[in-house]
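Structural overview for review
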Amino acid sequence: MDEMGILPEYKGILCHDHWKPYFKYGCEHTLCNTHHLRELESSYEQDGQLWAKEMQELLRAMNTAVNKAGGELPIEGEKEIQPFEEERKVVCRGRPKKTKAHNLLERLRDYENETLRFMGDKDVPFTNNQSENDIRMTKVQQKISGCFRSLEGAKIFCRIRSYISTCKKNEIGSIQALNLLFEGQLPEFMQ
């Protein structure tokens, strides 16, 4: 993470999935709420945690409200999440093992500012899914082939994926983007 020299020098807001090593960097942090939504879904479906479904609905409603307000809520629009403690029975001596649902609840409570930062800063996204989607094809290719055969092949693959992803973000479909490329033309947004 340090080798490329980007994260150690980064001074903006880093959106991530709560992987602990990211917190060693001195920038501000925001947490990807799509990750939270998936974990909440699992806590509700697999563990029967009713609070998880309510929290999932609350996060979605907050995101909708922020989007309707143009990217950030005015201060009077903020809502406070009431603390919730999960009831657990002690079945053995010592501290009982925390469930995944309990750990998620503690993380949402302890990192409330990082979880809800998207509400007050229009430059902070609700999720970092776009960045994950952008690298997903590279991981899929590695899983299928095991590796790239050469560094040059990896660079070519990344260049093509970057071009297609950028075209999609500019409302040009993959087929049209590749057709333009093979015809030796650039998309309009690149001219």
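This write-up is about the structure you can find in this document. The model shown is predicted, which means the values in this text are computed figures rather than measured ones.

Moving on, we get to the packing of helix α5 (residues 129-145) against helix α6 (residues 151-169). The contact between α5 and α6 brings their axes to 11 Å, and the two run at 145°. Helix-helix and strand crossings are classified by hand; for α5 and α6 the assignment is right-handed. Along the contact surface, α5 presents Gln 130, Asp 134, Met 137, Thr 138 and Gln 141, while α6 presents Phe 157, Cys 158, Arg 161, Ser 165 and Lys 169. In terms of residue class, the contact of α5 with α6 is made up of 3 nonpolar, 4 polar and 3 charged.

A few words on α6. Its 19 residues give α6 an end-to-end C-alpha distance of 27 Å, which sits within 8% of 27 Å, the value for a rise of 1.5 Å per residue. For α6, the full list of buried residues reads Ala 154, Tyr 163, Ile 164, Ser 165 and Cys 167. Where α6 is buried, its residues touch α5 and α7 (174-182). Following α6 by one or two positions, Glu 171 adopts a phi angle in the positive range, close to 60°.

The next thing to look at is the environment of Arg 136. Mapped onto the elements, Arg 136 comes out in helix α5. On the accessibility criterion, Arg 136 (41% relative accessible area) is partly exposed. On a C-alpha basis, the gap between Arg 136 and Glu 171 in space is 20 Å, while along the polypeptide they are 35 residues apart.

Summed over all chains, the structure comprises 5 salt bridges. The partner of Arg 117 in a salt bridge is Glu 28, and the shortest N-O contact between them spans 3.5 Å. With Arg 117 in the loop between α4 (112-116) and α5 and Glu 28 in strand β2 (residues 28-31), the pair connects residues that are 89 residues apart, well separated along the chain. The partner of Arg 109 in a salt bridge is Asp 110, and the shortest N-O contact between them spans 3.1 Å.

Attention shifts here to the state of the cysteines. Counted under the stated rule, the structure contains 0 disulfides. In this structure Cys 158 is not part of a disulfide, and its nearest cysteine sulfur, from Cys 147, lies 14 Å away. Unpaired in this structure, Cys 167 has its nearest cysteine sulfur neighbour in Cys 158, at a distance of 16 Å. The exposure class of Cys 167 is buried, given its relative accessible area of 0%.

Our next topic: unusual backbone geometry. The phi torsion of most residues other than glycine is negative, and most of the peptide bonds are trans. With a phi close to 75°, His 18 is a non-glycine residue in the positive phi region. Relative to the elements of secondary structure, His 18 occurs in the loop between β1 (13-16) and β2. Looking at His 18, the relative accessible area reads 11%, which means it is buried. Non-glycine residue Glu 171 carries a positive phi angle of around 60°. Following the sequence through the fold, Glu 171 ends up in the loop between α6 and α7. Take Glu 171: its relative accessible area is 76%, and that puts it in the exposed class.

Residue position: Gln 49 is located in the loop between α1 (33-47) and α2 (50-68). At 2.8 Å, the side chain of Gln 49 forms a polar contact with the side chain of Trp 51.

Rules used throughout
Just so you know, the residues in each chain are numbered from 1, in the order the chain's sequence is written. Local features are withheld for residues below a pLDDT of 70 in this predicted model, meaning they are given only at 70 or higher, and side-chain atom pairs are given and counted only at 80 or more; totals for whole chains, interfaces and linings count all residues. With hydrogens and water stripped out, all remaining heavy atoms of the structure feed into the side-chain values. In this description, a line fitted to the C-alpha atoms serves as the axis of each element, helices being fitted only across the stretch in contact, and the angle between N-to-C directions of two axes falls anywhere from 0 to 180 degrees. In this text, helices come from DSSP runs of H or I with a minimum length of four residues, and strands from runs of E with a minimum of two, each type numbered from the N-terminal end. Crossing handedness follows the turn of the near helix against the far one: under a right angle anticlockwise gives a left-handed crossing, and clockwise gives a right-handed one. The contact criterion used throughout is that any non-hydrogen atoms of two residues lie within 4.5 Å. In the scheme used here, Gly and all other residues not listed as nonpolar or charged are polar, with Ala, Val, Leu, Ile, Met, Phe, Trp, Tyr, Cys and Pro taken as nonpolar and Asp, Glu, Lys and Arg as charged. The span expected for a helix works out to 1.5 Å for each residue beyond the first. When a residue's accessible area, from a 1.4 Å probe over protein chains only, is under 20% of the maximum for its type it is buried; when over 50% it is exposed; and in between it is partly exposed. For salt bridges, the criterion is a side-chain nitrogen of Lys or Arg within 4 Å of an Asp or Glu carboxyl oxygen. Counting rule for disulfides: a pair of cysteine sulfur atoms within 2.5 Å. Pairs of N or O atoms are called polar contacts if they sit within 3.5 Å, as long as, within protein, a hydrogen donor faces a hydrogen acceptor (for residues adjacent in sequence, only side-chain-to-side-chain pairs).

Purely geometric stuff here, so don't read any function into it on its own.
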